[in-house]
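# Notes for the structure review
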Amino acid sequence: MNIQDLIRQNIKALKPYSSARDEFQGVTDDMVFLDANENPFQNGVNRYPDPQQHNVKLLLSKIKNVATQNILLGNGSDEVLDLLFRAFCEPHQDNIITLPPTYGMYEVLANINAVDSIKVNLSERFEPKVDEILSVANKNSKLLFLCSPNNPSGNSFKTSDIETLLNRFKGLVIIDEAYIDFSDEASWLEKLPLYPNLVITQTLSKAYGMAGIRLGICYASADIISVLNRIKAPYNVNELTQLRAIERLEKEEEVAKEIEAIKAQRNLLITELKSIDFISKIYPTDANFVMVKVDDANKRYTQLIEKGIVIRNRTTQPGCENALRLTVGTLEENTKLIKTLVALQAV
Ligand SMILES: *Cc1c(COP(=O)(O)O)cnc(C)c1O
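What counts and how
Residues numbered from 1 in each chain as written. Predicted model: local features only at pLDDT ≥ 70, side-chain atom pairs only at ≥ 80, totals over all residues. Heavy atoms only, no water. Pairing = 2+ DSSP bridges. Helix = DSSP H or I, 4+ residues; strand = E, 2+ residues; numbered from the N terminus. Contact = heavy atoms within 4.5 Å. Axes fitted to C-alpha atoms, helices over the stretch in contact; angles between N-to-C directions. 1 Å grid on protein atoms, 1.4 Å probe; cavity = no way out; pocket = protein on both sides within 12 Å on 5 of 7 lines; lining within 4 Å. Points joined across faces, edges and corners; volume = space filled by probe spheres on them. Nonpolar A, V, L, I, M, F, W, Y, C, P; charged D, E, K, R; others polar. Salt bridge = Lys/Arg side-chain N within 4 Å of Asp/Glu carboxyl O. Buried < 20%, exposed > 50% of the residue type's maximum accessible area, 1.4 Å probe, protein only. Arc of directions from axis to C-beta. Domains from an automatic or database assignment. Buried area = accessible area lost by both parts, 1.4 Å probe.

## Overview of the sheet that holds strand E11 (residues 323-327)
- Taken in spatial order, the four strands line up as E8-E9-E11-E10 in an open sheet, and their pairing is antiparallel. Two strands bound the open sheet, and with one partner strand each, they are strand E8 (279-282) and strand E10 (312-313).
- Judged from the three bridges that link them, E8 and strand E9 (residues 289-294) form a sheet pairing that is antiparallel. Across the sheet, residue Ile282 finds its bridge partner in E9, namely Val292.
- On top of the sheet, helix H10 (residues 252-273) reaches E8, E9 and E11; it is set at about 10° to E9, its chief contact.
- In this fold helix H11 (residues 297-306) packs onto E9, E10 and E11, with an angle of close to 35° to the strand it touches most, E11.

The structure is reproduced here in structure tokens:
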């Protein structure tokens, strides 16, 4: 597969904007910077941030065992996903494939970018229908989105299914690993060198506890990363985000402890949910949330809101009739949820 053949013509021909700090990189402390029209009085953020987020990437590179040339950072994974559309999907011509029920942003981004999305619903057990996906794909199918663990169902897809899709789909296969840190399955990162069409997205928003700073990560071949770099906004990750991300990534043990605590809470929550009489099914999960099937999702959703508990109602999603998605909280939060559900049983 030749990645160059997948890139939009106008992007291939693009001459990227060259920022002041792109043109000069040999920064040392004793230099005088009169190139970017900044206010010279120091306050910690008076200078433009590093456009390539070098220090954040170095840490990620060490933690994830991936070269920095295989990493692109964005303002949340949502920006990273948008860059993929803009680099690879010709509006009013190309299409993407999504597997509902899944993360809603793929579809929204397709609409924003005037790109068709072909939907192939997951099976009853929320597994990809591999043959059907391959049979609906055509020469304009540029991106295939695999969310694993999947939001909202919580399950991970089978390795063999993902392998088949990587080998046979003729566009890029994006594995959205937003929840990978809660899963016992291995990340696909170590297989990056094996598949030129593999793109993996991760985020600091979930397991790393930093949804507020907006930092999304894309791992892919150097070819793909370099195309995305050409079209991203020059200073797309701000200085405060870079600093906070570095602080957090330097405390891997603290993150690991929190992940273990959330996984323990998840198991406890599942055990207690089993005793609620209007919950007829608890779906297997590899993420920090649990999808459950109830008697009447709209009714239970409203009842919980009235008790001050906000969850996600997924009942309108394909295969999710009367399904609610519950995020795993702290012991106190989960206890309040369970107590409230117990009290609602009589109603
Ligand atoms: C939460 C989530 C994300 C995270 O998006 P950010 O923009 O990085 O906060 C990405 N993909 C899925 C499937 C998610 O559920």
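## Things to note about the layout of surface pockets
- Taken as a whole, the largest pocket holds about 770 Å³ of empty space.
- Forming the boundary of the largest pocket are 26 residues, of which Arg21, Val27, Tyr48, Pro49 and Asp50 lie nearest the centre.
- For the lining of the largest pocket, the secondary structure elements donating two or more residues are helix H2 (20-23), helix H3 (54-64) and helix H9 (239-249).
- Here the lining of the largest pocket takes four residues from H9, the largest share from any one element.
- Empty space within the second largest pocket amounts to approximately 340 Å³.
- In terms of residue class, the lining of the second largest pocket is made up of seven nonpolar, six polar and four charged.

## Description of the pattern of salt bridges
- By the definition in use, this model includes 12 salt bridges.
- Where Glu258 meets Arg248, a salt bridge forms, and the shortest distance between an N and an O atom there is 2.8 Å. On the criterion of sequence distance, the pair formed by Glu258 in helix H10 and Arg248 in helix H9 is long-range, its members being 10 residues apart.
- What emerges from the salt-bridge pattern is a single network uniting Asp184, Glu260 and Lys263.

## Re the environment of Gly319
- Positionally, Gly319 belongs in the loop between E10 and E11.
- On the basis of relative accessibility, which here comes to 57%, the residue Gly319 falls in the exposed class.

## Considerations on helix H5 (residues 105-112)
- Three or more residues of H5 are buried, namely Tyr106, Leu109 and Ala110. Along the axis of H5, the buried positions cluster into a sector of 105°, meaning they face one direction only. Exposed side of H5, more than 90 degrees from the buried face: Asn111 and Ile112 are the residues found there.
- Where H5 is buried, its residues contact helix H4 (77-88), strand E2 (95-98), strand E3 (116-119), strand E4 (141-147) and strand E5 (172-176).

## Side note on the domain arrangement of the protein chain
- For the protein chain, the assigned domains read domain 1 (3-250) and domain 2 (253-344).
- A C-alpha centroid distance of 29 Å is found between domain 1 and domain 2.
- Contacts between the two partners involve 22 residues from domain 1, matched on the other side by 21 residues from domain 2.
- In total, domain 1 and domain 2 occlude about 1700 Å² of area from one another, counting both sides; carbon and sulfur atoms represent 58% of this.

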